[in-house]
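# Analysis of the macromolecular model
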Amino acid sequence: MRLAATLALFALLAAPLGAQAQSQPSKGVTPGEVHFAQVAALEGPASALGTGMNLGIRAAFEEANRAGGVAGRQLKLDAFDDGYEPGKSVAQTRDVIAADAHIGFIGPVGTPTSAATQPLATEAGWPFIAPLTGAGFLRDPALRNVVNLRATYDAETEMWIKLLVDTQGHKKIGILYQDDGFGRVGLKGVEAALERRGMQAVARGAFPRNTLAVKTALLDIRRAGADAVVMVGPYKPVAEFIRVAHKIDYNPEFVTISFVGTDALVAELGAVGKDVVISQVVPFPSDTSVPMVARYNAALKALDPKAAPGFLSLEGYVAGRLAIVALEAAGKSLTRESYLTALQNLGEVDIDGLKLHFGPGDNQGFDDVFLTQISAEGTIAKMDLGAARAQDDCQPGAGG
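Residues numbered from 1 in each chain as written. Predicted model: local features only at pLDDT ≥ 70, side-chain atom pairs only at ≥ 80, totals over all residues. Heavy atoms only, no water.

The name given to the protein chain in an unreviewed UniProt entry is Amino acid/amide ABC transporter substrate-binding protein, HAAT family, and the organism recorded there is Rhodobacter aestuarii.

Right under this line is the structure:
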């Protein structure tokens, strides 16, 4: 009797453990769930970039979950902070791959981090979806696991020079850039755009990643007499550069990149942000006349009624919707391998009127770039140049 009781107790205790073990995702998939991993900056000077993408992806996933999920599975997003540092990003990515509990990566942030982690994902055969970077190396058609959403940084920098030189007639362009792979490729894109017009930058100034050490660069650029300054960096150092420039009565035309984090930059700058120009690579997040944007606003409100629409979370939302399109194509018998195949065969994708184009040798879905400007009231307005497709002569570079 004592032995029987012991065995019964053992069976009672073991049953939940067995059920729990079976519920753990294998390659990110269970009968009721599919898990994605985001390795991105969630803390530190670039944190608004990772948290903005995360908010948008979750809005898309929870919208799908409220409708029953995809093929009966609920979508889950697990986020891991890398502080926008390649070394930490590599460690987090290796840990995620070793655990083998996610179907793929979505929404990584930055060029230096992606340059360090994409090879790991590619070697492991993991999807690498919608990185927040215009890096040209990620557009290599040989990278069959990488799916890009946004236009390249070369397309953005060409648009800057089109505005400053072709439209406004500036002759002296200065460049502020982050001293890493992101900034140096932005620098290269600006210099190429100027060279196409028979021009050169009058000054270049760099600052280290994850710092606000921009004063030396500012003084060098001012000394050169630049009447317009283009800036390749995240929001905190860019905001510091503009703030200090105003303090020393240096007021050139300021233009910066989509990676800056528009809403975070506006919040950092306050009143001194007036007239700063920012290039964008997704539609205007408050333009609810666009069906996809209207649906994004509704999904965002359902997730967090206090969250304000923004370019970063909109990009995250589109990334989440794109991931869902591939899940739907992969169907009920979902595996990481079948999901990767679905991503590789996306073709033409219509997300409520937002048309993405993929094909053989083309793993980038959206090519549009347009310009916005900070108003005196601290709001974002479209510039008269409006939307424009990247010029054919802009070659993809690496890029934040």
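### Regarding the nonpolar core
Note the threshold: Nine residue types can take part in a nonpolar core, namely buried Ala, Val, Leu, Ile, Met, Phe, Trp, Tyr and Cys, and a core is a set of them joined through side-chain atoms within 4.5 Å. Any residue under 20% of the maximum accessible area for its type is buried, any over 50% is exposed, and the rest in between are partly exposed; the area is computed with a 1.4 Å probe on protein chains only. In DSSP terms, a helix is any run of H or I states spanning at least four residues, a strand is any run of E spanning at least two, and both are numbered starting from the N terminus. Throughout, the edges of the domains are those of an automatic or database domain assignment.
By size, the foremost hydrophobic cluster in this structure holds 116 residues, and its most contacted members are Phe-36, Phe-61, Phe-241, Phe-259, Leu-265, Tyr-339 and Leu-356. With twelve residues, helix H11 (residues 311-330) is the largest single contributor of residues to this core. Counting residues domain by domain, this core receives three or more from each of domain 1 (29-151 + 287-366) and domain 2 (153-257). Formed by 14 residues, the second largest nonpolar core is a distinct cluster that contains Ile-97, Ala-135, Leu-138 and Leu-143.

### What to know about the side chain of Thr-256
The test is simple: Between two residues, a contact is recorded if the distance between any of their heavy atoms is within 4.5 Å.
Tracing the sequence through the fold places Thr-256 in strand S9 (residues 253-256). Given a relative accessible area of 0%, Thr-256 falls into the buried group. Dropping the residues within four chain positions of it, Thr-256 is found in contact with Trp-160, Met-231, Gly-233, Val-238, Leu-265, Val-277, Ile-278 and Ser-279.

### Digging into the environment of Ala-71
Looking at the secondary structure, you find Ala-71 in the loop between helix H2 (47-66) and strand S2 (74-81). Along the primary structure Ala-71 and Gly-331 are separated by 260 residues, whereas in three dimensions their C-alpha atoms are 6.3 Å apart.

### Thoughts on the pairing of strand S1 (residues 33-40)
Rule in force here: Any two strands between which DSSP finds at least two bridges are classified as paired.
A large share of S1 lies buried, amounting to seven of its eight residues. Direction of pairing for S1 relative to S2: parallel, over a ladder of eight bridges. By the bridge assignment, Gln-38 is partnered in S2 with Ala-79.

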